[in-house]
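Report on the structure
These are the residues of each chain, in order.
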Amino acid sequence: MHTHVIETERLILRPLSLDDAEAEFVWLSDPIVNRYMPYNLYTNVADVVKWLETAINAEKELHFGFVRKEDNLLIGAGSIGPHDHEDGAWEFGYNLRRDAWNQGYATEATKAMIDLARNEYGVRVFVAAHAADNPASGRVMEKCGLHFDHDGEYSTFDGTETFKAKFWKMVVED
């Protein structure tokens, strides 16, 4: 479990805890929020607790809760960590409750995670992907400095659905 806490203009990014299960269930159980996510829709808080136990104890990925400063509400979560298929590259992802969409929170949180990875871990290569039918995520990646790299696809963890995808990359020069 990591202990990083990052403060941005409007957010506090902090380690997730089991106490976050009810708040996370708000977006993990929303079929619109989860339309293009690789995991299945959550149907109960107990399954969220099981996922949180895994995320909290992750050895490589840094998982964060995104807390909005103005009302102390957990509005989303994200992670950043080593990419499974590209040595030296780190991958990130994020998910926000629907009422927090289109307000710049995903970009703000992602930039903060990237800055942490650069400054604390010396990471210079970042990659991410999104469903082609979800261009809003592509705009977040672009605003964070990534550039379109290639088209491809990804599947849900259980293999029941495959999405056409856009893959993005950023190489930071010293």
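Placed above this text is the structure.
My aim in this report is to walk through the structure given alongside it, one point at a time. (Residues numbered from 1 in each chain as written. Predicted model: local features only at pLDDT ≥ 70, side-chain atom pairs only at ≥ 80, totals over all residues. Heavy atoms only, no water.)

Here we come to the overall build of the protein. The helix and strand inventory of the protein stands at four helices and eight strands. The N-to-C order of helical and strand elements in the protein reads β-β-α-α-β-β-β-α-β-α-β-β. A principal-axis box enclosing the C-alpha atoms of the protein has dimensions of 40 × 35 × 30 Å. Taken over 174 residues, the protein has a buried fraction of 45%. Of the contacts formed within the protein by residues at least 6 apart in sequence, a portion of 59% connects residues at least 24 apart. Accessible surface, the protein: about 9500 Å² in total, of which carbon and sulfur atoms supply 48%. (Helix = DSSP H or I, 4+ residues; strand = E, 2+ residues; numbered from the N terminus. Buried < 20%, exposed > 50% of the residue type's maximum accessible area, 1.4 Å probe, protein only. Contact = heavy atoms within 4.5 Å. Areas by Shrake-Rupley, 256 points an atom, 1.4 Å probe, with all protein chains shown as cover.)

Let's shift gears to the pairing of strand β6 (residues 125–131). Burial analysis of β6 places six of its seven residues in the buried class, which makes it a mostly covered element. For strand β5 (residues 89–96) and β6, the ladder comprises three bridges, and the chain directions are parallel. Bridging across to β6, Ala 89 finds its partner in Val 125. Relative to strand β8 (residues 162–171), β6 runs antiparallel, the two being bridged by seven bridges. Pairing of Val 127 across the sheet is with Lys 169, part of β8. (Pairing = 2+ DSSP bridges.)

Time to look at the side chain of His 2. Structurally, the position occupied by His 2 is in the segment before β1 (6–7). Side-chain polar atoms of His 2 contact the backbone nitrogen of His 4, separated by 3.0 Å. Here the side chain of His 2 touches His 63 through a polar contact of 2.8 Å, landing on its backbone oxygen. With residues up to four places along the chain from it excluded, the contact list for His 2 reads Pro 15, Leu 62, His 63 and Phe 64. (Polar contact = N/O pair within 3.5 Å; in protein donor to acceptor, adjacent residues only side chain to side chain.)

Here we take up the pattern of salt bridges. Inspection of the entire model under this criterion finds 10 salt bridges. Put simply, Asp 71 and Arg 68 hold a salt bridge, and the shortest N to O gap is 2.8 Å. Given the relative accessible area of 38%, Asp 71 is considered partly exposed. Using a relative accessible area of 10% as the deciding quantity, one classes Arg 68 as buried. As a salt-bridge pair, Lys 166 and Asp 151 come within 2.8 Å of each other at their nearest N and O atoms. Separated by 15 residues along the polypeptide, Lys 166 in strand β8 and Asp 151 in strand β7 (residues 147–155) bring together distant segments of the chain. (Salt bridge = Lys/Arg side-chain N within 4 Å of Asp/Glu carboxyl O.)

Evaluation of the coordinates by the stated rule reveals one cavity of 30 Å³ or more. There is about 60 Å³ of room inside the largest cavity. Every element with two or more residues in the lining of the largest cavity is listed here: α2 (45–56) and β3 (62–68). Each residue belonging to the lining of the largest cavity can be placed in one class, and the counts come to seven nonpolar, two polar and one charged. (1 Å grid on protein atoms, 1.4 Å probe; cavity = no way out; pocket = protein on both sides within 12 Å on 5 of 7 lines; lining within 4 Å. Points joined across faces, edges and corners; volume = space filled by probe spheres on them. Nonpolar A, V, L, I, M, F, W, Y, C, P; charged D, E, K, R; others polar.)

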